[in-house]
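# Breakdown of the fold
Chain by chain, the residues run as shown.
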Amino acid sequence: MKFVISREALIKPLQLVAGVVERRQTLPVLSNILLVVEGDQLSMTGTDLEVELVGRVTLDEAAEAGSITVPARKLMDICKSLPDDARIELALSGQKMVIKAGRSRFTLSTLSAAEFPNVDDGPQAMELTLSQAELRRLIDKAGFSMAQQDVRYYLNGMLLEIAEGSLRSVATDGHRLATCRANAEGANAAPSQIIVPRKGILELARLLQNGEQPVRLVIGSSHIRAYVGDFIFTSKLVDGKFPDYQRVIPKNGDKQVLGERQELRQVFSRIAILSNEKYRGVRMSLSSGFLQVMANNPEQEEAEETVSVDYEGESLEIGFNVNYLLDVLSILSSDTVRLTLSDSNSSVLLEGMDEADCLYVVMPMRM
C-alpha cells in the first residue's frame, strides 16, 4: 500500500482515532491503528475492544490499495512534529511502514491487519437521529455525575433512555444525579434503556463538534453505533440494570429557594476554601430572604457568608458536599436557579429557571 496525504487532512482524524487506543495493552495489536486504503479512501480504525472509532479521509492523489496496522502514538507524534504544510507519503516496504515528508524519513514497525480485532455489533434494534449539538448537550449536562471506578459497574457510565419521541441522559455516582432530555427522530418505539460506559461517552463527546449537523444513533442489544460526519463510532453497552432514577428525584419538596446562579457559585467557591479537604462539607442555613453558608475544617478555621435569596418559609439547616453544588451551578446556563427542599435529611432538587429539561439532585451530608 502507498498513499500521499497532507498533514492538515490527516492530523485531526488521526488524533481522534488514536485517542481511543489505550497506552497499556495486553495485546500488542491494540496499541496500533488499522490503516486501510481502497480507491481514494483512507480509513483509520482504533479500538480497545470496548470502544471502536473509524475515521475516513478522501485522498487527493491516486493510491495503492492495502491494509496494515501501525503504532498509534508514534504515528501521531510523527505527524504532530511535522510542519503544518507538510505532504506526507506513507508506503509499505516489506514489514515496515516508511513515512516521508520533505527531508524527513521514518520507518515504523507494523503488525498484520488480519490480527486487528473487529468489534462485532450484532443485530440492530432501533435508530435515532438528532443534531450533534443536542447530543453533546445531553452528555455535557449529565456526564459530570458519572461514577469513575465504582464497584457498582453500571454507575460507571451513562443511562440513555429512549421514550415518547425523546432521548434522555441520566448519570449518578450514588451521591448526586443529573438528567437531561432532548427530542429525537425515531424515538417513538417502545421505551428502552441502555447504559453506555464512561469511556464511550467521553470519546463520543469528542466527535460532536459540528453543531446542527445530524448524528445517527443505531442501537443494538449489546452495542451503540454513532455515525458522525466522516466517523463511525461503536461502543459496547454495559450489561446491568441502572437504578430507578425517578425514585431518586424528590417529589414533595415544599421549600423553594430562588437565587442568582453566578452569585451563589461565587459564594460557595469562597466558603469552600476553608471546608474540610477530605469531605468538602458546607452548612446552609435558610431563613426568610437569606441563605447563610458556613464551613470549617480540622485546623479550627471557619468561613461564613450570607447571600440574599428569594425564600419565604421556616428556617432550615442542611449540609452538602460543596463540590457537588458547584458542579451543578457550573453546568447550568440559566441566570436564576431554583433549589427545592423538604427537610434537613432530604435531597435538594436544583433546576435552572430557563432549563426545564434538566434536573439535578444532590444528597445531603451529616455535618
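Scroll up to find the structure this text is about.
Below you will find a few notes about this structure. Each chain has its residues counted from 1, running along the sequence as written. Per-residue local features of the predicted model are confined to residues with pLDDT of at least 70, and side-chain atom pairs are confined, for both listing and counting, to 80 or more; whole-chain, interface and lining totals are unaffected and use all residues. Only heavy atoms go into the side-chain values, all of them from the structure, while hydrogens and water stay out.

Once that is clear, we can look at the side chain of Ser43. The way it works is that DSSP assigns letters per residue, a run of H or I at least four long becomes a helix, a run of E at least two long becomes a strand, and they are numbered from the N terminus. With respect to the element layout, Ser43 can be found in strand 3 (residues 41–47). A 1.4 Å probe rolled over the protein chains alone gives each residue an accessible area, and that area as a share of the maximum for its type sets the label: buried under 20%, exposed over 50%, partly exposed in between. Exposure remark for Ser43: the relative accessible area of 13% places this residue in the buried category. Whether two residues are in contact is decided by their heavy atoms, any of which lying within 4.5 Å being enough. Excluding residues that lie within four positions of it along the chain, Ser43 makes contacts with Leu34, Leu35, Val36, Val54, Gly55 and Arg56.

This brings us to the environment of Thr129. Inspection of the secondary structure puts Thr129 in strand 9 (residues 124–131). Overall, Thr129 belongs to the partly exposed group, its relative accessible area being 25%. Residues Thr129 and Leu167, spaced 38 residues apart in sequence, show a C-alpha to C-alpha distance of 9.9 Å. Not counting chain neighbours up to four residues away, the residues in contact with Thr129 comprise Ala184, Glu185, Pro214, Val215 and Arg216.

Think of a salt bridge as a Lys or Arg side-chain nitrogen and an Asp or Glu carboxyl oxygen that are within 4 Å of each other. All told, the structure shown has 18 salt bridges when counted by the stated rule. In this structure, Lys199 engages Asp48 in a salt bridge whose closest nitrogen and oxygen atoms are separated by 2.8 Å. Taken together, the residues Lys199 in helix 4 (residues 198–207) and Asp48 in the loop between strand 3 and strand 4 (51–58) connect sequence positions 151 residues apart. Three or more residues joined by partner-sharing salt bridges are found here, namely Glu22, Asp48 and Lys199.

Fitted lines through C-alpha atoms give the axes, limited to the stretch in contact for helices. The angle between two N-to-C directions lies from 0 to 180 degrees. Close contact between helix 6 (residues 261–272) and helix 7 (residues 322–331) brings their axes to 10 Å; oriented N to C, the two are set at 150°. One element, helix 6, and the other, helix 7, form an angle in the roughly antiparallel class. Considering how the two elements wind past one another, helix 6 and helix 7 form a crossing that is left-handed. Packed against helix 6, whose contacting residues are Arg261, Leu264, Arg265, Phe268, Ser269 and Ala272, the element helix 7 presents Val322, Leu325, Leu326, Leu329 and Ser330 at the interface. Here the angle decides the label: under 35 degrees means roughly parallel, over 145 means roughly antiparallel, 65 to 115 means roughly perpendicular, and every other value means oblique. Crossing chirality is assigned from the near helix's rotation relative to the far helix, an anticlockwise turn below a right angle marking it left-handed and a clockwise turn marking it right-handed.

Further remarks concern the nonpolar core. One recurring pattern in soluble globular proteins is that nonpolar side chains are buried together. Residues Leu75, Leu135 and Leu167 are the most contacted members of the largest nonpolar core, which totals 103 residues. Broken down by element, this core gets its largest block of residues, seven residues, from helix 1 (residues 7–20). Setting aside chain neighbours within four positions, we find Leu167 in contact with Leu128, Leu130, Leu135, Leu138, Leu160, Glu161, Ile162, Cys180, Arg181, Ala182, Ala184 and Leu217. Here, nonpolar core refers to any group of buried Ala, Val, Leu, Ile, Met, Phe, Trp, Tyr and Cys residues whose side-chain atoms link them within 4.5 Å. Core analysis: the next-biggest nonpolar cluster, separate from the first, contains 13 residues, Ala147, Leu177, Leu359 and Val361 among them.

Quick look at the sheet that holds strand 22 (residues 336–341) now. We treat two strands as partners when DSSP finds at least two bridges between them. Taken in spatial order, the eight strands of this open sheet run 13-10-11-12-24-23-22-17, and their pairing is antiparallel. Each having just a single partner strand, strand 13 (192–197) and strand 17 (255–260) make up the two edges of the open sheet. Neighbour-to-neighbour, the strand axes of the sheet open up by a mean angle of 20°, direction not taken into account. Here strand 11 (residues 166–172) pairs with strand 12 (residues 176–183) via seven bridges, running antiparallel. Note on strand 12: the bridge partner recorded for Arg168 is Arg181. Lying over the sheet, helix 4 contacts strand 10 (157–163) and strand 13, oriented at roughly 85° with respect to strand 13. Its contacts with the sheet put helix 6 on strand 17 and strand 22, and the angle it makes with strand 17 is roughly 90°.

Quick look at the packing of helix 1 against helix 4 now. The N-to-C vectors of helix 1 and helix 4 enclose an angle of 175°; their axes lie 10 Å apart at closest approach. Classed by the angle they form, the pair helix 1 and helix 4 counts as roughly antiparallel. Listed contacts from helix 4 to Gln15, Leu16, Gly19 and Val20 of helix 1 are Lys199, Glu203, Arg206 and Leu207. Residue classes follow a fixed rule: Ala, Val, Leu, Ile, Met, Phe, Trp, Tyr, Cys and Pro count as nonpolar, while Asp, Glu, Lys and Arg count as charged, and any other residue, Gly among them, counts as polar. Among the residues making up the contact of helix 1 with helix 4, the classes are represented as three nonpolar, two polar and three charged.

A few words now on the sheet that holds strand 15 (residues 223–228). Within the open sheet, the eight strands sit side by side as 5-2-3-4-16-15-14-9. Their pairing is antiparallel. The sheet is open, and its two edges are formed by strand 5 (66–71) and strand 9, each paired on a single side. Taken over all neighbouring pairs, the strand axes of this sheet differ in orientation by 15° on average, direction set aside. Judged from the four bridges that link them, strand 14 (residues 214–220) and strand 15 form a sheet pairing that is antiparallel. Bridge assignment links Arg216 to a residue of strand 15, and that residue is Tyr227.

This part covers the pairing of strand 2 (residues 32–38). For strand 2, a buried count of six out of seven residues is recorded, marking the element as mostly surrounded by other parts of the structure. Relative to strand 3, strand 2 runs antiparallel, the two being bridged by five bridges. Counted as the bridge partner of Leu35 is Met44 from strand 3. Following strand 2, the chain reverses through two residues before pairing antiparallel with strand 3; Gly39 in that reversal takes a positive phi of roughly 60°.

A few words on a negative patch on the surface. Only residues above 30% relative accessible area that lack a salt bridge enter a patch, with like-charged residues linked at up to 9 Å and the nonpolar side chains Val, Leu, Ile, Met, Phe, Trp and Tyr linked at up to 5 Å. Values of accessible area rely on a 1.4 Å probe in the Shrake-Rupley scheme; residue burial ignores everything except the protein chains shown. Here the positive residues are Lys and Arg and the negative ones are Asp and Glu; neither His nor the chain ends is included. Charged side chains are reduced to one point each, which is NZ for Lys, CZ for Arg, CG for Asp and CD for Glu. A grouping of Glu260, Glu263, Asp335 and Asp354 is seen on the molecular surface, where their side chains present a negatively charged patch. One can find Asp354 in the loop between strand 23 (348–352) and strand 24 (358–362).

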